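One-letter residues, chain by chain:
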Amino acid sequence: MDYQMLVLDLDGTLTNSRKELTEPTKQALIEIQEEGKKVVLASGRPINGIVPLAEKLNLSKYGGYMLSFNGARITQCSTGEIIYNRTLPADVIAPIYEITSTYPGLDILTYDGNQILSGIASNEYTEKESFINKMEIVQVPDFVSRLTFPVNKLLIAGEPSILEELMPHLQQKFHKLLNIYRSEPFFLEIMPQNIDKAYSLQKLLNSIGLTADSMICCGDGFNDISMIEYAGLGVAMENAQPIVKETADFITKSNDEDGILHVINTFLR
């Protein structure tokens, strides 16, 4: 198959355990772009958490794309044009905040420019989100009133056992309005309805005249399952969650063994 597009999750997929992009993988990604392949970075990260990697890979030069907030926003790197954007209904923020605040030790987050807004109290998982995105945490005294701008995503961070209790409560209350799932055991994603990576990739493919058969999607986490199933070739990292591996067509090496380089050498050379 002549694959034309390579879609990459970031954390646990493109970057290694130290959140680094290795030089061999970087060079291979630049080379396939020089040959006309499109590279898409598809992540739950906010846009400012993706931009540094997009710049390292010269996506603006080669016409690549960024899917941020698990696909709630699609950005064309060459022009900066936002070609797709979905936000949360404004009236769900207050009840989500109120419910979350009744569970011990949780924090609720969103993003404003280069800042992570923490709505309850920063915890070790808030700090993890800050480290991943290289964005500062700002404690917000009145979280709901502070969110006067359109919000693509809320993130609830905390102990996995507590999130396991909270998730069905929120899913039941907002099942007709929101897409709610865990991207990691310690992160609960609150997204607009029907938004996931596969849905947004379909929008992108339609806009540029490609089909899913021409696309390779690589990932390791729960929020990558939809795009791995949708792609012409769905790839799971060796370090992926077991359920992710079960859905994949191919299992590559781990993110600490240049697994994306292995995909490029196997299917795109």
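Named according to an unreviewed UniProt entry, the protein chain is Cof-like hydrolase originating from Mediterraneibacter gnavus.

(A) Just the packing of helix H1 (residues 23-34) against helix H11 (residues 259-267), in detail. Between H1 and H11, the least distance of the axes is 9 Å, while the angle of their chain directions is 35 degrees. Where H1 crosses over H11, the handedness of that crossing is left-handed. Counting all contacts with H1, which are made through Pro24, Thr25, Ala28, Leu29 and Ile32, the residues of H11 involved are Ile260, Leu261 and Ile264. A per-class count over the contact of H1 with H11 returns 7 nonpolar, 1 polar and no charged.

(B) Examining the layout of surface pockets more closely. Roughly 380 Å³ of volume is contained in the largest pocket. Surrounding the largest pocket, 21 residues form its lining, Asp11, Lys19, Ile132, Glu184 and Phe187 being those nearest its centre. Breaking the lining of the largest pocket down by element, the ones donating at least two residues are helix H5 (124-133), strand E10 (178-184) and strand E11 (187-192). With 3 residues, H5 is the largest single contributor of residues to the lining of the largest pocket. For the lining of the largest pocket, the residue count by class is 4 nonpolar, 6 polar and 11 charged. Built from parts of two domains, the lining of the largest pocket gets at least three residues from each of domain 1 (3-84 + 194-266) and domain 2 (88-190).

(C) Here's a closer look at the domain arrangement of the protein chain. Under the domain assignment, the protein chain is made up of domain 1 (3-84 + 194-266) and domain 2 (88-190). Counting from both sides, the interface comprises 17 residues of domain 1 and, opposite them, 17 residues of domain 2. Summed over both sides, the interface between domain 1 and domain 2 buries roughly 1,400 Å², with carbon and sulfur atoms accounting for 52% of that surface. The tally of links from domain 1 across to domain 2 stands at 0 salt bridges. Seen at the junction of domain 1 and domain 2, the total is 7 residue pairs in polar contact (both at pLDDT 80 or more). Its residues assigned to classes, the side of domain 1 that touches domain 2 comprises 5 nonpolar, 7 polar and 5 charged.

(D) Representation of empty space enclosed by the protein within the structure. According to the stated counting rule, one finds 1 cavity of 30 Å³ or more in the structure shown. Lining the largest cavity are Thr13, Leu14, Thr15, Asn16, Glu20, Thr22, Thr25, Asn255, Asp258, Gly259 and Ile260. Grouping the constituent residues of the lining of the largest cavity by class yields 2 nonpolar, 7 polar and 2 charged.

(E) Geometry of the sheet that holds strand E14 (residues 250-251). What the 8 strands build is an open sheet, ordered E5-E4-E3-E2-E1-E12-E13-E14; its pairing is mixed. Each edge of the open sheet is held by one strand with a lone partner, namely strand E5 (82-85) and E14. Relative to strand E2 (residues 38-42), strand E1 (residues 5-8) runs parallel, the two sharing 4 bridges. Note on E2: the bridge partner recorded for Leu6 is Val39. Against the sheet, helix H2 (residues 47-56) touches E2, strand E3 (65-68) and strand E4 (73-76), its axis set at about 150 degrees to E3. Relative to the sheet, H11 contacts E1, strand E12 (215-219), strand E13 (233-236) and E14, its axis offset from that of E12 by approximately 160 degrees.

Reading guide: rules and limits
Residues numbered from 1 in each chain as written. Predicted model: local features only at pLDDT ≥ 70, side-chain atom pairs only at ≥ 80, totals over all residues. Heavy atoms only, no water. Axes fitted to C-alpha atoms, helices over the stretch in contact; angles between N-to-C directions. Helix = DSSP H or I, 4+ residues; strand = E, 2+ residues; numbered from the N terminus. Left-handed = near helix turned anticlockwise from the far one by under 90°. Contact = heavy atoms within 4.5 Å. Nonpolar A, V, L, I, M, F, W, Y, C, P; charged D, E, K, R; others polar. 1 Å grid on protein atoms, 1.4 Å probe; cavity = no way out; pocket = protein on both sides within 12 Å on 5 of 7 lines; lining within 4 Å. Points joined across faces, edges and corners; volume = space filled by probe spheres on them. Domains from an automatic or database assignment. Buried area = accessible area lost by both parts, 1.4 Å probe. Salt bridge = Lys/Arg side-chain N within 4 Å of Asp/Glu carboxyl O. Polar contact = N/O pair within 3.5 Å; in protein donor to acceptor, adjacent residues only side chain to side chain. Pairing = 2+ DSSP bridges.

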